[in-house]
Amino acid sequence: MRLLIVEDEKRLALSLAKGLTAEGYAVDVVHDGLEGLHRAGEGTYDLVILDIMLPGMNGYRVCGALRSAGHEVPILMLTAKDGEYDEAEGLDTGADDYLTKPFSYVVLVARVKALLRRRGPSGGGGSPVHVLGGLKVDTAARRVHLGEDEVVLTAKEFSVLEQLVVRAGEVVSKAEILEHVWDFAYDGDPNIVEVYISTLRRKLGATLIRTVRGAGYRLEAR
């Protein structure tokens, strides 16, 4: 599942991104309403966490523009404001849920999961079940089967595999995996990706994930 956070409070955005990444989500962050509208409009996200008070374009206008353009991605709005009028305005523009700052991180995660469940497999982005040869990956249930056997993966292992399976047959670069599986500010050893690829090969078979020298990795049917 890919999430977009549109939040101009950079410390809060980074904290949310780290926490949600640890939950197993792929998270992107932008700090400007216009950029948020552009990224969300690409249609590649399963949920948008959208602040109301943003530079460039406020969250109400971003949400309204997305809905007017026909985008049905679930939107969880965040605001430091309080009061029934603000909530009504946010929901009237097409937001699916509303959370007032300061909020509990546990509550935010619960709201995110509820919105994703409510959206369901037919909420856009195609089927959550990807089949490639004997490999079956259910991105909604976060379960992997190889033939008749279920393969148990850690949250990070699954997230790396998910980046490959949703683009099966394409080359996915190490930088793209780092960006979507770890947080955008990750400054550790980029070779961590190779470690997880090696683990996935051990669990799923050595020939499933091909290394494309100088470019990245490609998931191939056996």
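Up top is the structure these notes are about.
All values derive from a computational prediction rather than experimental measurement. (Residues numbered from 1 in each chain as written. Predicted model: local features only at pLDDT ≥ 70, side-chain atom pairs only at ≥ 80, totals over all residues. Heavy atoms only, no water.)

### Details of the overall build of the protein chain
So, step 1. The number of helices and strands found in the protein chain is eight helices and 12 strands.
So, step 2. Expressed as a percentage of its 222 residues, the buried residues of the protein chain come to 44%.
So, step 3. Sequence-distant contacts, at least 24 apart, represent 56% of the contacts inside the protein chain between residues at least 6 apart.
So, step 4. Looking at the protein chain as shown, the accessible area adds up to about 10800 Å², and 50% of this sits on carbon and sulfur atoms. (Helix = DSSP H or I, 4+ residues; strand = E, 2+ residues; numbered from the N terminus. Buried < 20%, exposed > 50% of the residue type's maximum accessible area, 1.4 Å probe, protein only. Contact = heavy atoms within 4.5 Å. Areas by Shrake-Rupley, 256 points an atom, 1.4 Å probe, with all protein chains shown as cover.)

### Quick notes on the nonpolar core
So, step 1. Grouped together as the largest cluster of nonpolar side chains are 24 residues, with contacts concentrated most on Val144, Leu161, Leu164, Ile177, Leu204 and Leu219.
So, step 2. For this core, the secondary-structure elements that each account for two or more residues are β7 (135-138), α6 (155-165), α7 (174-181), α8 (192-204) and β12 (216-219).
So, step 3. Setting aside residues up to four positions removed in sequence, Val144 forms contacts with Leu135, Lys136, Val137, Asp149, Glu150, Val151, Leu153, Phe158, Leu161 and Leu204.
So, step 4. Formed by 21 residues, the second largest nonpolar core is a distinct cluster that contains Leu16, Val27, Leu76 and Leu78. (Core = buried A, V, L, I, M, F, W, Y, C linked by side-chain atoms within 4.5 Å.)

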